[in-house]
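Spelled out from the first residue to the last, the chains are:
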Amino acid sequence: NAGDGVKALTGGTALMEGGAAVANNSLNGLALFGGGTAKVRQGAIIQGNGGDGIYVDSGTVTVGDTGGAAGPVTIQSNKQNGIFLRTNSVAIFNNSGNQIINNTGSGILCTDSPSNPLIYEEAGTIGTVSGNAAPQVSCNVSP
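Let me begin by describing the structure that accompanies this report. (Residues numbered from 1 in each chain as written. Predicted model: local features only at pLDDT ≥ 70, side-chain atom pairs only at ≥ 80, totals over all residues. Heavy atoms only, no water.)

## Focus: the overall build of the protein chain
Okay, so step 1: Scanning the protein chain from terminus to terminus reveals zero helices and 17 strands.
Okay, so step 2: Relative to a compact globule of 143 residues, whose C-alpha radius of gyration would be 15 Å, the protein chain shows 13 Å and is just as compact.
Okay, so step 3: Along the first, second and third principal axes, the C-alpha atoms of the protein chain reach 35 × 35 × 30 Å.
Okay, so step 4: Within the protein chain, the proportion of its 143 residues that are buried is 43%.
Okay, so step 5: By sequence separation, contacts in the protein chain at least 24 residues apart represent 71% of the contacts at least 6 residues apart.
Okay, so step 6: As presented, the protein chain carries roughly 6,000 Å² of accessible surface, and 49% of it is formed by carbon and sulfur atoms.
Okay, so step 7: Taking the average place of the 5 positive charges on the side chains of the protein chain and the average place of its 8 negative ones, the gap between the two points comes to 7 Å. (Helix = DSSP H or I, 4+ residues; strand = E, 2+ residues; numbered from the N terminus. Rg over C-alpha atoms; globule rule 2.2 N^0.38 Å. Buried < 20%, exposed > 50% of the residue type's maximum accessible area, 1.4 Å probe, protein only. Contact = heavy atoms within 4.5 Å. Areas by Shrake-Rupley, 256 points an atom, 1.4 Å probe, with all protein chains shown as cover. Lys, Arg positive; Asp, Glu negative; His and termini not counted. Charge placed at Lys NZ, Arg CZ, Asp CG, Glu CD.)

## Points about the side chain of N103
Okay, so step 1: Note that N103 resides in the loop between β12 (99-101) and β13 (108-110).
Okay, so step 2: A distance of 3.4 Å separates a polar side-chain atom of N103 from the backbone nitrogen of S77.
Okay, so step 3: The residues touching N103, leaving out its near neighbours within four places in the chain, are I75, Q76, S77, N78, Q80, N81, G82, G131, N132 and A133. (Polar contact = N/O pair within 3.5 Å; in protein donor to acceptor, adjacent residues only side chain to side chain.)

## With respect to unusual backbone geometry
Okay, so step 1: A cis amide bond links S113 to the next residue, P114, at an omega of 15°.
Okay, so step 2: If you trace the backbone, P114 turns up in the loop between β13 and β14 (118-121).
Okay, so step 3: Positioned with a positive phi, N24 is a non-glycine residue whose angle comes to about 60°.
Okay, so step 4: Mapping N24 onto the fold places it in the loop between β3 (21-23) and β4 (30-33).
Okay, so step 5: Exposure remark for N24: the relative accessible area of 57% places this residue in the exposed category.
Okay, so step 6: One non-glycine residue, T87, lies in the positive phi region at around 40°.
Okay, so step 7: Position of T87 relative to the elements: it lies in the loop between β10 (83-86) and β11 (90-93).
Okay, so step 8: Owing to a relative accessible area of 27%, T87 belongs among the partly exposed residues under this scheme.

## Points about the sheet that holds β3
Okay, so step 1: Strand order in the open sheet made by the five strands is β3-β6-β9-β12-β15, with parallel pairing throughout. The open sheet is flanked by β3 and β15 (128-130), the only strands paired with a single partner. Averaged over all neighbouring strand pairs, the angle between strand axes comes to 5°, with direction disregarded.
Okay, so step 2: Strand direction decides the pairing type here: β3 and strand β6 (residues 45-47), joined by three bridges, are parallel. Bridge pairing in β6 links A21 to I45. (Pairing = 2+ DSSP bridges. Axes fitted to C-alpha atoms, helices over the stretch in contact; angles between N-to-C directions.)

As structure tokens, this is what we get:
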């Protein structure tokens with residue numbers, strides 16, 4: 001793909017689950033803009049993309065899930081960051097088995113002020129964030 005693998009714009013939604021893979025796109029694996037939302041769960045894999053694995057600008061992404069069909073997510077070997085959050089975006093992490101590994105940039109990167117992107121996690125639910133070239137996690141975290 002010569003662009004983003006999956007894109008949700010202006011309130012659009014995307015669901016990646018059941019081992020779905022988004023790989024080797026020239027830009028981002030998953031891109032959310034203008035209120036777009038996505039759930040990435042149940043063994044989904046985002047890898048080897050030319051930009052960020054997941055790029056969120058004024059949107060919300062949920063990574064991993066809990067419950068009967070629970071499953072972690074793998075975000076690896078992307079040419080920029082595993083996850084990049086901009087402009088008041090939110091990333092919600094729901095599975096301690098998630099793997100955000102071996103990306104060329106940060107594992108999870110948020111833009112600075114005046115934006116206020118946020119990671120929401122219950123204790124220990126981001127998962128493993130390691131082997132990334134830049135800081136592993138550079139974001140505000142709640143709670």
